[in-house]
Structure formats: structure tokens, C-alpha cells
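Chain by chain, the residues:
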Amino acid sequence: FNQCSFNERVAHSFQLNILFGSCDRAELVPAYVRLLRDNEAEVRIAAAGKVTKFCKIVSVPLAIQSILPCVKVIQANFDDWQNKVEAIIELREY
């Protein structure tokens, strides 16, 4: 556990808190939002991959208010990246 990254420890803490009910699930939302906004793309991708499961454990209004805006930003970044890759591929074809 000492060699785990901070984000791995946060993810592990999420699992323990959910399993053992040691905190209100709404208290997990700010930490999850931080993962969705992390500087590292791998962290954002991993967090986004669990968004459906996470949203099932919090209230719908809380998910819409806190998590949906982060997902929209991730989607916009992905669309921008995809457009850039397609432009590069088109340039190489000429």
C-alpha cells in the first residue's frame, strides 16, 4: 500500500468506504470529481470508466450537478483530440 500512488489510495479508500458504509456516499463526490479533473489523462480515463457505477450510488441530482459537467469536459477533450488525430491522418495521406 505504501508504493501506491495517491490516486490509487483514493480509489482504494472509495472501495472501503462504500463496502463498509463508513461515510455518507455524497461525501465521496468531491474526491471523485477531483479524479475526473486530474492532470493525468490516465487518471481521468480510469475515473470516467467508472462513472456509471459511481452515479448509481449517489442521488440523481447530485450526479447531474457535480459529475455530469466533468464528463462533458472529458468528452469535449476527447472530441478535440480525435479531430486533431483525423487531421494528422489526412495530412499524411497527401
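Computed from a predicted model, the values in this text were never measured in an experiment.

The volume enclosed by the second largest pocket comes to roughly 270 Å³. Surrounding the second largest pocket, Ala 41, Arg 44, Ile 45, Ala 48, Gly 49, Ile 74, Gln 75, Asn 77, Phe 78 and Trp 81 form its lining. Residue composition of the lining of the second largest pocket, by class: six nonpolar, three polar and one charged.

Together, Phe 78, Trp 81, Val 85 and Ile 89 make up a nonpolar patch on the protein surface, roughly 390 Å² of accessible area in all. Of note, Phe 78 is situated in helix α5 (residues 60–93).

Okay, the environment of Ala 48 next. For Ala 48, the position within the fold is in helix α3 (residues 41–49). On the accessibility criterion, Ala 48 (26% relative accessible area) is partly exposed. Distance from Ala 48 to Val 71, taken between C-alpha atoms, is 7.1 Å for residues 23 residues apart in sequence. When sequence neighbours within four positions are dropped, the list of residues in contact with Ala 48 reads Tyr 32, Leu 36 and Ile 74.

Rules used throughout
- Residues numbered from 1 in each chain as written.
- Predicted model: local features only at pLDDT ≥ 70, side-chain atom pairs only at ≥ 80, totals over all residues.
- Heavy atoms only, no water.
- 1 Å grid on protein atoms, 1.4 Å probe; cavity = no way out; pocket = protein on both sides within 12 Å on 5 of 7 lines; lining within 4 Å.
- Points joined across faces, edges and corners; volume = space filled by probe spheres on them.
- Nonpolar A, V, L, I, M, F, W, Y, C, P; charged D, E, K, R; others polar.
- Patch = residues over 30% accessible without salt bridge, like charges linked within 9 Å, V, L, I, M, F, W, Y side chains within 5 Å.
- Areas by Shrake-Rupley, 256 points an atom, 1.4 Å probe, with all protein chains shown as cover.
- Salt bridge = Lys/Arg side-chain N within 4 Å of Asp/Glu carboxyl O.
- Helix = DSSP H or I, 4+ residues; strand = E, 2+ residues; numbered from the N terminus.
- Buried < 20%, exposed > 50% of the residue type's maximum accessible area, 1.4 Å probe, protein only.
- Contact = heavy atoms within 4.5 Å.

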